[in-house]
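# Remarks on the overall topology
Listed here are the chains, written in short residue letters.
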Amino acid sequence: VRQVRNQPWLAAALAGSPGDPGPVYRLKVKSGYLRRRLTDRQIDVLHHHLTRTDYDHPGSGVLIAPYGGRVTAVAPGATANPHRDAALMLLYVSEWERAADDERHIGFLRELYRDVYAGSGGVPVPNALTGGAFINYADTDLGDPAWNRSGTSWQQLYFGGNHARLRQAKSRWDPRHVFRHAMSVGPETGGGR
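Residues numbered from 1 in each chain as written. Predicted model: local features only at pLDDT ≥ 70, side-chain atom pairs only at ≥ 80, totals over all residues. Heavy atoms only, no water.

### Points about the overall build of the protein
When you go through the protein residue by residue, the secondary structure sums to five helices and three strands. N-terminal to C-terminal, the α/β element order of the protein is α-β-α-β-β-α-α-α. In the protein, buried positions account for 39% of the 193 residues. In the protein, the share of contacts with a sequence separation of at least 24, taken over all contacts with a separation of at least 6, comes to 68%. (Helix = DSSP H or I, 4+ residues; strand = E, 2+ residues; numbered from the N terminus. Buried < 20%, exposed > 50% of the residue type's maximum accessible area, 1.4 Å probe, protein only. Contact = heavy atoms within 4.5 Å.)

Dropping the structure here:
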């Protein structure tokens, strides 16, 4: 039996009903591309953090997605996403319900990420092993020197050599920077990023 019902977008997005939208989750995500497999040190770091006895939240973890195949057939400069030579993409995630728990869960994820990429300043700097981050998992920590000690800008981590071209497109289509968020590409002039 198939049931169809209309409901407000937000209620549907939260997987609830119009009268009860269900729990609203708080979320922190981070990402990292790998050009080769995780190193033994990185595997040890992941194991350590994911089996800690002082943090056992089931809503936190790491998802590993394969890359390659047809993704590599597209040139790095053909789209905004330059990460065409990645073998894997890692999604680091934590979700929880109470604002009072923000520091605990965000802190866990920050420590895990920093330790996995300790050899490159706490972030996946493009090099022979790592290949930057995925903009669809926007992470303001990449622009914060407390968490990104690499000297590589968040723009380089997300867009590689495509950032200048993206700023040109932004200048043409949204010169007043109306459509923006904390990690959005800004126009070439006028205070953009």
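### Structural notes on the sheet that holds strand β1 (residues 26–34)
Sheet architecture is open: three strands sit in the order β1-β3-β2, paired in antiparallel fashion. This sheet does not close on itself; its edge strands, each paired only once, are β1 and β2 (60–66). Within the sheet, the average angular offset between the axes of one strand and its neighbour, ignoring direction, is 20°. Packing of helix α3 (residues 102–116) onto the sheet brings it into contact with β1, β2 and β3 (88–96), and relative to β3 it is tilted by some 160°. (Pairing = 2+ DSSP bridges. Axes fitted to C-alpha atoms, helices over the stretch in contact; angles between N-to-C directions.)

### What about the nonpolar core?
One finds Y92, L112, V116, L142 and Y158 to be the most contacted residues of the largest nonpolar core, which totals 25 residues. Elements with a contribution of two residues or more to this core: α2 (40–50), β3, α3 and α4 (154–159). The element contributing the most residues to this core is α3, with five residues. When neighbours within four sequence positions are excluded, Y158 is seen to be in contact with A80, P82, H83, A133, F134, I135, Y137, A138, D139, L142 and M183. (Core = buried A, V, L, I, M, F, W, Y, C linked by side-chain atoms within 4.5 Å.)

### As for unusual backbone geometry
Within the chain, H177 stands out as a residue other than glycine whose phi angle is a positive 60°. Along the chain, H177 falls in the segment after α5 (163–173).

### A few points about the pattern of salt bridges
Applying the stated rule across the entire model yields 13 salt bridges. Here D141 and K28 are joined by a salt bridge, their closest N and O atoms 3.4 Å apart. Placement of D141 in the loop between α3 and α4 and of K28 in strand β1 is noted, with a sequence separation of 113 residues between them. Judged by relative accessible area, which is 2%, D141 ranks as buried. (Salt bridge = Lys/Arg side-chain N within 4 Å of Asp/Glu carboxyl O.)

### Observations regarding the packing of aromatic side chains
Considering all chains together, one arrives at nine aromatic pairs under this definition. Here Y92 and Y117 contribute two aromatic rings whose centre-to-centre distance is 6.1 Å and whose plane-to-plane angle is 75°, an arrangement assigned as edge-to-face. Taken together, the residues span a long stretch of sequence, with Y92 in strand β3 and Y117 in the loop between α3 and α4 at a distance of 25 residues. Residue classification places Y92 among the buried residues on the basis of a relative accessible area of 0%. Using a relative accessible area of 2% as the deciding quantity, one classes Y117 as buried. Ring geometry for W154 versus Y158: centroids 6.2 Å apart, planes at 70°, classification edge-to-face. Separated by four residues within a single helix, W154 and Y158 lie in helix α4, roughly one turn from each other. (Phe/Tyr/Trp six-rings, centres within 6.5 Å; stacked < 30°, edge-to-face > 60°.)

### Quick look at the environment of A118
Mapped onto the elements, A118 comes out in the loop between α3 and α4. In this structure A118 comes out as partly exposed when scored by relative accessible area, which is 41%. Separated by 73 residues in the primary sequence, A118 and V45 have C-alpha atoms spaced 9.8 Å apart.

### As for the pairing of β1
When you tally the buried positions in β1, you get seven out of nine residues, the bulk of the element. Judged from the nine bridges that link them, β1 and β3 form a sheet pairing that is antiparallel. Note on β3: the bridge partner recorded for L27 is E95.

### Notes on the packing of α2 against α3
Relative to each other, α2 and α3 sit at 165°, their axes nearing to 9 Å. Judged by the angle between their axes, α2 and α3 are roughly antiparallel. As for the relative orientation of α2 and α3, their crossing is right-handed in sense. Every residue of α3 that contacts α2 at R41, Q42, V45, L46, H49 and L50 is listed here: F108, E111, L112, D115 and V116. Taken together, the residues of the contact of α2 with α3 sort by class into six nonpolar, two polar and three charged. (Parallel < 35°, antiparallel > 145°, perpendicular 65-115°, else oblique. Left-handed = near helix turned anticlockwise from the far one by under 90°. Nonpolar A, V, L, I, M, F, W, Y, C, P; charged D, E, K, R; others polar.)

Geometric descriptors of this kind do not, in isolation, establish any biological role.
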